Amino acid sequence: MILDGSTAFKNQELEVDYCIIGSGSGGAYAAKLLSLKGYKVAVVEEGGYKKTEDFKELREDVAYPNLYQELASRKTKDKNISILQGRTVGGGTTVNWTTCFRTPSNTLKYWQDEFDLPFTDESLETHFLAAEKEISVSEWEVPPNQNNSVLANGLDKLGKSFGHIKRNVKGCYNLGYCGVGCATGAKQSQMITSIPTFLKMDGILATRWRAFRFRHHLGKVTKLEAYNMPGIGNTHGDIKLIIKAKHFISSAGAIGTPALLLRSHIHDQSGLLGKRTFLHPTVLSGAVFNDDIEPHLGAPQTIYSDHHLWQDYGFKLEVPPVHPLLLASTLMSHGDEHRELMLKLKNLQVCIALQRDGFKDDSQGGVVELTNGGYPVLDYTWSKSMALGFKEALRTMGELQFAAGAKEVLPIHVRAKRVSNLIDFYSHIDELEMKPIDLKVVSAHVMGGACFGIDKSSSVTDIHGRLWGYENLSVMDGSLFPTSIGANPMLSILGHVHRIFS
Amino acid sequence: MAALLITWRQGVLVPAAKIAGRVKEFHFLEKPDILLLQKMLPVLLPFQKWSVEEVARFSSRLDETIYLTTKPVTAEIRQLFDLFHIKPFLWMNGIYHLENANKEQLKSLISSMKHSRLKDLKAAGNGFCELMSSIYYADPNTYKDLSYEAPLELL
């Protein structure tokens, strides 16, 4: 049953076994697994229920207001980092670029050493296998598009390692518009996999309702209060949905979950709720080629490199799909200079470097805060060591772009210029200061803020995602991770949900 | 002088007044914002002829977009627009009346914001440019110039 809050006209009340907030990789998968066990489940989702047929227009201006948090313009408190997060049925899985990585062994090792977490490649193997089967993860046999080929060629010429990315698609048309919702139904998002099963099992999907707060007493949550979301905007109305349940699961993402728990005044003994929120802060390097690159066409991400990931200021290399609106809002120039690059879209190649986040003493991540009205905002300041990593990443990306035949390279920085040879490029990079706001930093991976652990003084939940001190409240999303993953997190979230229910 | 005055009135005041007459239709934009857009759009997006109708169309799209954001974001964008209406702020950049500012003065204003040592001012400069270019390129009519295939043709 679908309960659409955008057309609600009176207060409503439900009673179920499980109430899940959020329908992304964590929430939808949990809803399916619980429904299959015979429980009555309700999922509350702030976004709308858009399906494959709604994505046929393949337009950014339609997708961003409908499918992303804050119209895809969410930023950190100081406006320093742009954050892309899904807000629709299926959450990030509906709009992501279908990139699938397991949690890297080194990350698990770090979690063992620093947080005594008992996870290893071996102990998680069955869970990752199940998650991969659930969303049909497989090798991508089609040759990479030009945007990805540049990354591979450049790294190859520099003698650096790279690999091929597995994708969760079935019968993909190789269009390249994954970020505006898959128009062919090939992407095995939660909207395609878990949600239909959950609905068949008599699940209740309450869309366009903002989960506002839990009511709780003596360590037991009694109900969830949600408000209707009229229209497609971001402001909620005053019609209430009350859900009573035996158990509540927050899967609202690593900004949404801490915000909901903070709004609910959930008692957290560790003092870590909303803290240590990580982003994989990502810097970008553009390059102009003589040949057509057409960076908007073809599977968006098929090549990656972890060559630099485990060095001191480690970063993972990938490429993004480049569509007009995304490019226009990313370039830091204006006027003729901005236009000139926009007109070169066809010949533009872009590399991104995702910084490993949360693995050093000075990398403590950000803090989720609430503004008036209870809206969340992430206060995130990057560390000195991260700034060194940004510079190294920009240098590395420019090097590989020149090695692959770039005519010009442009680090995305307010003071950067296009340079046409490596010598000028090196001196230009040396000159650029990695200051907040000057350097363009983006993120599509939010993690942490309600980390799991083995001890209530140093974690928000136990290793099963249950909040310490609460008998019926759990977290199942990227908030659980005590550091960033060091890779795109979708599969890690699914794997842990499977582990929790096993 | 009289001719100049007429040109000036025709070029700036009259069209601005025409759009400003529609302000009641806007959720967010206020009268002074229209003048700001009319002055700034030819500086930030100089390749487009900014006729009264074009500015009106742009203003409408901008207004609708801002209307969809959260209350805190709307409040921040209001502050951003209001910044350009603070006279001492404009004076510091050599602009005594926004309606009389020429393109070079406005270019220099935007550059000084983007390169300011003050983080908030830098963020304001970047944010304003980002907002303007996002609204412009959100319009599919701009795709053709970019050699960005009409997506429907792919299916």
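Conventions adopted
- Residues numbered from 1 in each chain as written.
- Chains lettered and ligands numbered in written order.
- Predicted model: local features only at pLDDT ≥ 70, side-chain atom pairs only at ≥ 80, totals over all residues.
- Heavy atoms only, no water.
- Helix = DSSP H or I, 4+ residues; strand = E, 2+ residues; numbered from the N terminus.
- Rg over C-alpha atoms; globule rule 2.2 N^0.38 Å.
- Buried < 20%, exposed > 50% of the residue type's maximum accessible area, 1.4 Å probe, protein only.
- Contact = heavy atoms within 4.5 Å.
- Areas by Shrake-Rupley, 256 points an atom, 1.4 Å probe, with all protein chains shown as cover.
- Lys, Arg positive; Asp, Glu negative; His and termini not counted.
- Charge placed at Lys NZ, Arg CZ, Asp CG, Glu CD.
- Phe/Tyr/Trp six-rings, centres within 6.5 Å; stacked < 30°, edge-to-face > 60°.
- 1 Å grid on protein atoms, 1.4 Å probe; cavity = no way out; pocket = protein on both sides within 12 Å on 5 of 7 lines; lining within 4 Å.
- Points joined across faces, edges and corners; volume = space filled by probe spheres on them.
- Nonpolar A, V, L, I, M, F, W, Y, C, P; charged D, E, K, R; others polar.
- Domains from an automatic or database assignment.
- Buried area = accessible area lost by both parts, 1.4 Å probe.
- Pairing = 2+ DSSP bridges.
- Salt bridge = Lys/Arg side-chain N within 4 Å of Asp/Glu carboxyl O.
- Expected span 1.5 Å × (residues − 1).
- pLDDT = per-residue confidence, 0-100.

## A look at the overall build of chain A
- The helix and strand inventory of chain A stands at 13 helices and 24 strands.
- By the compact-globule yardstick of 23 Å for 502 residues, chain A fits well, its C-alpha radius of gyration being 22 Å.
- Burial analysis of chain A (502 residues in total) assigns 67% to the buried set.
- Sequence-distant contacts, at least 24 apart, represent 75% of the contacts inside chain A between residues at least 6 apart.
- Accessible surface, chain A as shown: approximately 17,400 Å² in total, 50% of it carbon and sulfur.
- Here chain A carries 53 positive and 54 negative side-chain charges, and the mean point of each set is 5 Å from the other.

## Quick look at the side chain of Thr 207 of chain A
Residue and element names in this part refer to chain A.
- Structurally, Thr 207 can be placed in strand E10 (residues 204-207).
- A relative accessible area of 2% places Thr 207 in the buried class.
- Apart from residues lying up to four places away in sequence, Thr 207 is in contact with Ile 2, Leu 3, Asp 4, Gly 5, Glu 45, Gly 47, Gly 48, Tyr 49 and Val 89.

## Thoughts on the packing of aromatic side chains
Residue and element names in this part refer to chain A.
- Scanning the entire structure with this criterion turns up 25 aromatic pairs over all chains.
- Seen in terms of ring centroids, Tyr 110 and Phe 359 are 4.8 Å apart; in terms of plane orientation they differ by 50°. Their pairing is tilted. Of this pair, Tyr 110 sits in helix H4 (residues 105-115) while Phe 359 sits in the loop between strand E18 (348-355) and strand E19 (367-370), and the two are 249 residues apart along the sequence.
- Tyr 110 sits in the buried class, given a relative accessible area of 19%.

## Concerning the layout of surface pockets
- Quantified by volume, the second largest pocket comes out at close to 390 Å³.
- Breaking the lining of the second largest pocket down by element, the ones donating at least two residues are helix H10 (335-343) and strand E21 (408-411) of chain A together with helix H2 (31-44) and helix H6 (103-114) of chain B.
- Each residue belonging to the lining of the second largest pocket can be placed in one class, and the counts come to eleven nonpolar, six polar and seven charged.

## What to know about the domain arrangement of chain A
All names here are of chain A.
- Domain annotation for chain A reports domain 1 (2-69 + 90-135 + 189-270 + 449-501) and domain 2 (146-178 + 282-356 + 383-435).
- Contacts between domain 1 and domain 2 engage 22 residues on the former and 22 residues on the latter.
- Around 1,800 Å² of area is buried between domain 1 and domain 2 when both sides are counted, 61% of it from carbon and sulfur atoms.
- On the domain 1 side of the contact with domain 2, Glu 60, Trp 97 and Thr 98 bury the most area, a combined 34% of that side's loss.
- Element by element, the count of residues in the side of domain 1 that touches domain 2 is highest for helix H2 (residues 60-67), at three residues.
- Its residues assigned to classes, the side of domain 1 that touches domain 2 comprises ten nonpolar, ten polar and two charged.

## Here we look at the environment of Ala 254 of chain A
Residues and elements named next belong to chain A.
- Tracing the backbone through its elements, the reader meets Ala 254 in helix H8 (residues 253-263).
- Residues Ala 254 and Ala 450, spaced 196 residues apart in sequence, show a C-alpha to C-alpha distance of 7.7 Å.
- For Ala 254, the residues in contact, after removing those within four places along its chain, are Gln 85, Thr 277, Val 368, Val 446, Met 447, Gly 448, Gly 478 and Ser 479.

## Focus: empty space enclosed by the protein
Residues and elements named next belong to chain A.
- If you walk through the whole model with that rule in mind, you get seven cavities of 30 Å³ or more.
- Its volume calculated, the largest cavity comes out at about 130 Å³.
- Every residue lining the largest cavity is counted, 20 residues in all, and those nearest its centre are Cys 172, Leu 175, Gly 176, Cys 178 and Cys 182.
- Looking at the lining of the largest cavity residue by residue, the class counts come to twelve nonpolar, six polar and two charged.

## Remarks on unusual backbone geometry
All names here are of chain A.
- Positive phi values are uncommon outside glycine, yet Asn 174 reaches one of about 60°.
- With respect to the helices and strands, the residue Asn 174 is situated in the loop between strand E9 (166-168) and helix H7 (194-200).
- In the Ramachandran plot, Arg 208 falls in the positive-phi region, its phi being about 55° despite a non-glycine side chain.
- Structurally, Arg 208 is set in the loop between E10 and strand E11 (209-217).
- What makes Arg 208 buried here is its relative accessible area of 6%.

## Topic: the pairing of E10 of chain A
Residue and element names in this part refer to chain A.
- On E10, burial covers both faces: Ile 204 and Ala 206 on one face and Leu 205 and Thr 207 on the other are all buried.
- As paired strands, strand E1 (residues 2-4) and E10 are joined by three bridges and run parallel to one another. When the sheet's bridge partners are listed, Ile 2 is paired in E10 with Leu 205.

## Points about the pairing of strand E17 (residues 315-318) of chain A
Residue and element names in this part refer to chain A.
- Here E17 shows no split at all, with Phe 315 and Leu 317 on one side and Lys 316 and Glu 318 on the other all buried.
- With four bridges connecting them, E17 and E18 associate as antiparallel partners. For Phe 315, the partnering residue across the bridge sits in E18 and is Gln 355.

## Brief notes about the environment of Tyr 29 of chain A
Residues and elements named next belong to chain A.
- With respect to the helices, strands and loops of the structure, Tyr 29 is situated in helix H1 (residues 25-36).
- Judged by its relative accessible area of 2%, Tyr 29 is buried.
- Remark: the alpha-carbon pair of Tyr 29 and Glu 134, spanning 105 residues in sequence, is separated by 9.0 Å.
- Apart from the residues lying within four places of it in its own chain, the contact partners of Tyr 29 are Gly 24, Ala 130, Ala 131, Glu 134, Gln 190, Ser 194, Leu 494, Val 497 and His 498.

## Section: the pattern of salt bridges
All names here are of chain A.
- Under the definition given, this model contains 37 salt bridges over all chains.
- Residues Lys 360 and Asp 312 are paired through a salt bridge, measuring 2.7 Å at the closest nitrogen-oxygen approach. Taken together, the positions of Lys 360 in the loop between E18 and E19 and Asp 312 in the loop between strand E16 (303-304) and E17 put the pair 48 residues apart, joining distant regions of the chain.
- The class of Lys 360 is partly exposed, set by a relative accessible area of 27%.

## Quick notes on helix H13 (residues 490-501) of chain A
Residue and element names in this part refer to chain A.
- Between its first and last C-alpha atoms H13 spans 17 Å; for twelve residues at 1.5 Å apiece the expected length is 16 Å, and the two agree.
- Along H13, twelve of the twelve residues are buried, which leaves the element largely enclosed by surrounding structure.
- Where H13 is concerned, the buried positions are Met 490, Leu 491, Ser 492, Ile 493, Leu 494, Gly 495, His 496, Val 497, His 498, Arg 499, Ile 500 and Phe 501.

## A few points about the confidence of the model for chain B
Residue and element names in this part refer to chain B.
- On average, residues of chain B carry a pLDDT of 85, and 81% of them reach 70 or more.
- This model gives residues 1-15 a pLDDT under 50, and the stretch forms eleven contacts once residues within four places in sequence are excluded.
- This complex was scored by the predictor with a pTM of 0.94 and an ipTM of 0.92.

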